[in-house]
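So the chains spell out like this:
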Amino acid sequence: MGLTKDYQRITCAGVCNVVNSTNGMIQAVDKVICAASACESINFYNLRTGEMANSIRRDNHQVTAFKFSPNKRFLAIGYDDGEIHLYDRKNDDNNKPVIFDGHKRGINTLAFSHDGFTLASGGKDSLIILWDVLNESGKYRLNGHTDSITQLQFTIDNKYLVSSSKDTSIRFWDVSSHSCFYTISESISEIYGFALIKNDQLLVVGSAEVELIVYELNWLNQIKEDEELQDSNEKNNQTKKRKLISEPLVGSDFIEEDSDQGNTIIRSKRRGRLIRQAKGRALQLAVSPDEAVICVLGGDVIMDIFRVYDNDEAKKRLAKKLRKAKRKLEIKDDDEEQEKITEAEISKDVTIFISRIGEFRSESKLKWIDYTGEFSKKDENGRQYRIYGMQSNNTLHGITVAVDFKTNEVQSESLANLNKRGHRSDVRCFAVAENNRTFVSGSADSGIIWDLNSLLPINRFEADEMKDLISAFYVPGDKYVIFGSKDGALFIFDLATCDLINEYKKAHDGGIWSIVGLPNKSGFVTVGSDKKAHFWEYQMVTEIGNARILKLNQIRSTELEDEILCATISPNGRFIIFGLLNFTARVHYLDSLKFFLSLYGHSLPVMCLDVDIESKLVVTGSSDKGCKIWGLDFGDCHKSLYGHSDAVTAVKFNKSTEEKLLFSAGKDGKIIQWDAIKFNKIQILDGHFAEIRDMIFTYDGRTLISSSHDKSIRIWEETDELVVLSEQEAAEIEKDYLEKMIDAEDIIPGEGKDSDAELATKKSVETIKSTETILEAIEIIRTEKREKESNSKHADHPLIVAYGSTSHEHFILDAIHRIRPAHLERSLLMVPFGYVPEIIKSLTKCIEDHYRIELSTRILLFLFKIHHNYISRSINLFPLIDDLRLRIPAEIEEVRDKISFNSAALKLLKLQLEDRDNVKIFKDVSQIDGKGKKSKKKPGERAALIRAKV
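Calculation criteria
Residues numbered from 1 in each chain as written. Predicted model: local features only at pLDDT ≥ 70, side-chain atom pairs only at ≥ 80, totals over all residues. Heavy atoms only, no water. UniProt positions renumbered as here; feature names shortened; annotations may be inferred. Helix = DSSP H or I, 4+ residues; strand = E, 2+ residues; numbered from the N terminus. Buried < 20%, exposed > 50% of the residue type's maximum accessible area, 1.4 Å probe, protein only. Contact = heavy atoms within 4.5 Å. Areas by Shrake-Rupley, 256 points an atom, 1.4 Å probe, with all protein chains shown as cover. Core = buried A, V, L, I, M, F, W, Y, C linked by side-chain atoms within 4.5 Å. Expected span 1.5 Å × (residues − 1). Polar contact = N/O pair within 3.5 Å; in protein donor to acceptor, adjacent residues only side chain to side chain. Patch = residues over 30% accessible without salt bridge, like charges linked within 9 Å, V, L, I, M, F, W, Y side chains within 5 Å. Salt bridge = Lys/Arg side-chain N within 4 Å of Asp/Glu carboxyl O. Lys, Arg positive; Asp, Glu negative; His and termini not counted. Charge placed at Lys NZ, Arg CZ, Asp CG, Glu CD. Phe/Tyr/Trp six-rings, centres within 6.5 Å; stacked < 30°, edge-to-face > 60°. Pairing = 2+ DSSP bridges. Axes fitted to C-alpha atoms, helices over the stretch in contact; angles between N-to-C directions. Disulfide = S-S within 2.5 Å.

In the nomenclature of an unreviewed UniProt entry, the chain corresponds to Small-subunit processome Utp12 domain-containing protein from the organism Panagrolaimus davidi. As its UniProt record puts it under Sequence similarities (unreviewed entry), the chain is described as follows: "Belongs to the WD repeat WDR3/UTP12 family."

*Asks:* Sorry if this is basic, but what is going on with the overall build of the chain here?
*Replies:* Looking only at helices and strands, one finds 13 helices and 60 strands in the chain. For the chain, the proportion of its 950 residues judged to be buried stands at 50%. Put simply, of all contacts in the chain between residues at least 6 apart along the chain, 51% involve residues at least 24 apart. Split by element, the accessible area of the chain, about 46,900 Å² in all, is 47% carbon and sulfur.

*Asks:* Is there a simple way to explain the nonpolar core in this structure?
*Replies:* Burial of nonpolar side chains together is a common tendency in soluble globular proteins. Counting 35 residues, the largest nonpolar core has Ile774, Ile839, Ile840, Ile859, Leu860 and Leu863 as the members making the most contacts within it. Elements supplying a minimum of two residues to this core: α6 (765–790), α8 (808–817), α9 (821–829), α10 (836–848), α11 (853–866) and α13 (878–917). The leading source of residues in this core is α11, at 7 residues. Apart from residues lying up to four places away in sequence, Ile839 is in contact with Ile774, Ile778, Ile816, Val831 and Leu863.

*Asks:* Please explain α10 as it appears in this structure.
*Replies:* Helical geometry: 3.6 residues make up each α-helical turn, so side chains three or four residues apart lie on a common side. Relative to the 18 Å expected for 13 residues at 1.5 Å per residue, α10 spans 19 Å between its end C-alpha atoms, a close match to the ideal helical length. Every buried residue of α10 is listed here: Val836, Ile839, Ile840, Ser842, Leu843, Thr844, Cys846 and Ile847. Where α10 is buried, its residues touch α6, α8, α11, α12 (868–872) and α13.

*Asks:* Mind showing me how you'd approach the side chain of Ser570 here?
*Replies:* One can find Ser570 in the loop between β43 (564–569) and β44 (575–580). When its relative accessible area of 1% is taken as the criterion, Ser570 is described as buried. A distance of 2.6 Å separates the side chain of Ser570 from the side chain of Asn572, its partner in a polar contact. Among all residues touching Ser570, those that are not within four sequence positions of it are Pro519, Phe575, Val611, Ser615 and Leu632.

*Asks:* Please explain a positive patch on the surface as it appears in this structure.
*Replies:* Side chains of Lys320, Arg323, Lys324, Arg327 and Lys328 sit close together on the surface and give a patch of like positive charge. Topologically, Arg327 is positioned in helix α2 (residues 311–332).

*Asks:* Looking at this model, I keep getting lost on the UniProt feature "repeat: WD" (unreviewed entry) in the chain. Mind explaining?
*Replies:* In this structure's numbering, the residues bearing the UniProt feature "repeat: WD" (unreviewed entry) are residues 100–133, 142–183, 599–640, 641–675 and 685–717. Secondary structure content for residues 641–675 is 0% helix and 54% strand, and the end C-alpha separation is 10 Å. Secondary structure content for residues 685–717 is 0% helix and 55% strand, while the C-alpha to C-alpha distance between its ends is 11 Å.

*Asks:* Sorry if this is basic, but what is going on with the environment of Phe689 here?
*Replies:* Mapped onto the fold, Phe689 is located in the loop between β54 (681–685) and β55 (692–697). For Phe689, a relative accessible area of 23% gives the class partly exposed. Sequence-wise, Phe689 and Asp668 are 21 residues apart; in three dimensions their C-alpha atoms are separated by 8.2 Å. Once you skip the residues sitting within four places of it in the chain, Phe689 turns out to touch Cys39, Glu40, Asn60, His61, Gln62, Asp80, Asp710 and Arg714.

*Asks:* Looking at this structure, how should I read the packing of aromatic side chains?
*Replies:* Aromatic rings considered in pairs are described by the distance between their centres and by the relative angle of their planes. Inspection of every chain in the model, using the stated rule, returns 24 aromatic pairs. Centre to centre, the rings of Tyr160 and Trp219 are 5.3 Å apart; their planes meet at 20°, and the pair counts as stacked. Of the two residues, Tyr160 sits in strand β15 (residues 160–165) while Trp219 sits in strand β20 (residues 211–222), which places them 59 residues apart along the sequence. Both residues of the pair, Tyr160 and Trp219, count as buried. Each ring, one from Tyr589 and one from Phe596, has its centre 5.2 Å from the other, and the planes form 55°; the classification is tilted. Using a relative accessible area of 24% as the deciding quantity, one classes Phe596 as partly exposed. Among the aromatic residues, those joined into a ring-pair cluster are Tyr160, Phe172, Phe181, Tyr182 and Trp219.

*Asks:* Got a minute to help me understand unusual backbone geometry in this structure?
*Replies:* With the exception of glycine, most residues fall at negative phi, and the peptide bonds are largely trans. Despite not being glycine, Ser126 shows a phi value in the positive range, around 65°. Looking at the secondary structure, you find Ser126 in the loop between β11 (118–123) and β12 (128–132). Its identity as a non-glycine residue notwithstanding, Asn199 has a phi of 55°, on the positive side. Looking at where Asn199 falls in the secondary structure, it is placed in the loop between β18 (191–197) and β19 (202–207).

*Asks:* Before we go on, may I ask you to explain the sheet that holds strand β57 (residues 713–724) in this structure?
*Replies:* Strands pair in a sheet through their backbones, by hydrogen bonds, and they do so in one of two ways: parallel or antiparallel. In space, the 4 strands of this open sheet follow the order β1-β57-β56-β55, with antiparallel pairing throughout. Both outer strands of the open sheet, β1 (6–16) and β55, are each paired with one neighbouring strand and no more. The average undirected angle you get between the axes of adjacent strands in this sheet is 30°. Alignment of strand β56 (residues 703–708) against β57, held across 5 bridges, turns out to be antiparallel. Residue pairing in the sheet places Ser706 in a bridge with Arg714 of β57.

*Asks:* Sorry, what's going on with the sheet that holds strand β26 (residues 354–361) here?
*Replies:* Within the open sheet, the 4 strands sit side by side as β23-β24-β25-β26. Their pairing is antiparallel. Single-partner strands in this sheet number two, and they are β23 (284–287) and β26. Going across the sheet, the axis of each strand differs from the next one's by a mean of 25°, ignoring polarity. Relative to strand β25 (residues 302–308), strand β24 (residues 293–297) runs antiparallel, the two sharing 5 bridges. Looking at β25, one finds that Val296 is bridged to Asp304.

*Asks:* I would appreciate a short explanation of the state of the cysteines in the present structure.
*Replies:* Disulfide: a covalent bond connecting the sulfur atoms of a pair of cysteines. Under the counting rule described, the total for this entry stands at 0 disulfides. Cys16 carries a free sulfur, and the closest cysteine sulfur to it, the one in Cys12, is 9.5 Å from it. Overall, the relative accessible area of 4% leaves Cys16 in the buried class.

*Asks:* What should I look at first to understand the pattern of salt bridges in this one?
*Replies:* A pair can form between side chains of opposite charge whenever their charged atoms are brought close. Within the structure shown, the criterion is met by 35 salt bridges. Salt-bridge contacts for Asp426 lead to Arg693; the nearest nitrogen and oxygen are separated by 2.7 Å. Placement of Asp426 in the loop between β30 (409–417) and β31 (429–432) and of Arg693 in strand β55 is noted, with a sequence separation of 267 residues between them. What makes Arg693 partly exposed here is its relative accessible area of 21%. Salt bridges sharing partners connect three or more residues here, namely Glu40, Arg57, Asp59 and Arg714.

*Asks:* Even after reading the chapter, I still don't get α11, so can you show me in this structure?
*Replies:* Along its 14 residues, α11 runs 20 Å from first to last C-alpha, staying within 8% of the 20 Å computed at 1.5 Å per residue. The buried fraction of α11 is high, at 10 of 14 residues. Listed as buried for α11 are Ile853, Leu855, Ser856, Thr857, Ile859, Leu860, Phe862, Leu863, Phe864 and Ile866. Packed against the buried residues of α11 are α8, α9, α10, α12 and α13.

*Asks:* Quick question: what am I supposed to make of the side chain of Ser392 here?
*Replies:* As for its position among the elements, Ser392 is in the loop between β28 (382–391) and β29 (395–404). Within the structure, the side chain of Ser392 is placed 3.0 Å from the side chain of Ser364, a separation counted as a polar contact. Not counting residues up to four positions away in its chain, the partners in contact with Ser392 are Thr22, Ser364, Lys365, Lys367 and Lys711.

Below is the structure:
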């Protein structure tokens, strides 16, 4: 048996350049700090200083949605694999979130109830799931939508949930009955968002159309029997009536109601449509804290601003429109026209209570915005709002919107941004300094020099005519940087000042795809889409003032039969190799440029190539999704490597002479490490979430740098952990087996395939492992009982001792207690019924001992629900059930009384301490409005302030 070769595991050591994801979200934390999603992280930025204050990261999973609770204490983050991580920001340990796992696909939207105790999530799998924040578990799953969920929002009383979906419908759900009681499906296109305002009476819906649809919602309330009625017979005979919770909007009496669909909770009326100026779909409807302004984002740079009028203002606008109409009729003096224009017709005008008053234009597309919780009053009629805006060009902006409510004039301005933290477009090229301390990156707008240790930008390279940079090169000595552009120009920058010192506009007639340095460091080679390769040499020229600057001199050139996409020079300086559009790579002698070898075998153009450090092997990557390893002596193909699901965009050999390893990157977002001798796939570097543009090694070979369409630049380094191929293969086989188990859904008693509500959690690896934990605990107890019967001096199982359990029954509950609450129900569902009686008997004993009564009761009720038919027919379990029927309510009532007694005692103690010391305890300064007038304190009164974490 041969020896197994081990390799060093490579992990992502750092990320830079990415400020926010292209399709990410932004949330305001306070008036200075905001949170934005950036690939796998949630980054907290201070827009006043431009620095990153904090970051929450989960490797290899992209953030798709996140939401703060109303009091900013909880932060829920949804990922592309359907998991939701809930962080309590008052706890210092942010590395241990509560994990909710119920969606099969990515999370689209999250919404907290107004009390912050319930979290609703909507995903691409068309499911809505409600989660209990305090109990850290799932409540139930709502079925009904047939396409991706786009937005969720609770009503003010938290009794109902409103959802929108790409299936062109808006649904209203009863939180208590777990059912949908009303549906609005009048839209003819996908719905992307809505705004529920004016005490839940006004619903503004945004879709793929250029118009917003406005609905009036009238909520009904059941009148209870009149307390003044003395006669019980009259009270029983009195019918229950329905009335509106609040007064209808202006002009509601003249609008016909839509179909009530048999519900007794809500009535809706379609009030009209509002035209947007922004093109494309309505991505988001953001409501100001005072619900007076709605900002609507579209598919371009325009943000439409709408004003919402209160009832008094709406009545005045209606009266004004009526007077205006009457004056027009008096001028025309037309009786027919007077009959047509009535109060009913004018009342149907939706602009009575909502109208467009202005817009904000940004430099790039706005993808998401959020209001800060504060707004300032400029004068009696004006207010100023602060907005955080996320743009599609990898930057955030702090925007102020000033609205004059008397004249409806809008003034908006961008006051702060994070433009200096990275590129505005994709990074297409890299170059590394010889000292391995810095590297430069080029994009469509500029070049940036980065510190390799801190991963912060040092300076920028910008010029008026410089655009679409696709190649970069450090001049030996690390004093100058050269960029090549897509229009065939070369730009030389001084690294010390970052000034442009020279420019060659027509170096090539097409894009310069690669710049390769000569081995003797006297110059470099450029190749382009004009089928030519130009050789340049450096010249130091003395200018006026004794300043020496770098200039280039073209010494020779060669032309090939097709467009050159890439080039490299062997480390021994003997060969130059070109990758061509005609699916081949050509090897030429560097000194004479004579043809040596043609490497043919790819079925699509050769996009990239590289030579190993010993100049013996060549690797080529192609658009045919494969890599080929060639011998440089005879041009024979040693091996074809296929591991990517899309075109290969970059290949690199490592710098070590001990082992020949190569890395390939593709449009599938993966970097794969290969053994170039044994041709084994060693490991996959997951981290990028879009196609990879370029990849480069530092000169010492210790660091790999890669860039992607997701705007991120990632640094990869070796760790001390070893990769054993045999263990890795076994882990992949086990992973496939677990995925098959997860795909086999369990049948839940009492739930049909088309039911509105189901269990919140889904079957996963964690739930399977949790089930195995329960079964293992029961098997241990069974073994322990048998051993005790045969040997009275038998020592307890080590796991029982580790848990600190005082009895066998307590041990089973202790094992279940270690399961995450979010996975508990699904884990119990997979426990075979043969183990259920022992669980019930153990929990009954725990309740008798007053041990974890709340958890025991929860488990028992769930087991009774899913195994009701079997338990009710069991002769052995029937006495236990009859005893629990009386015992559980009494025990729960006792626990409730203890909690109430302790709470009252703490309140009394607080009052006694305040009276004794004349100190106001636990006054939360985060709830104090710093801009308001200072309250006058009574003489001698002091306040002990405890600042809450933000």
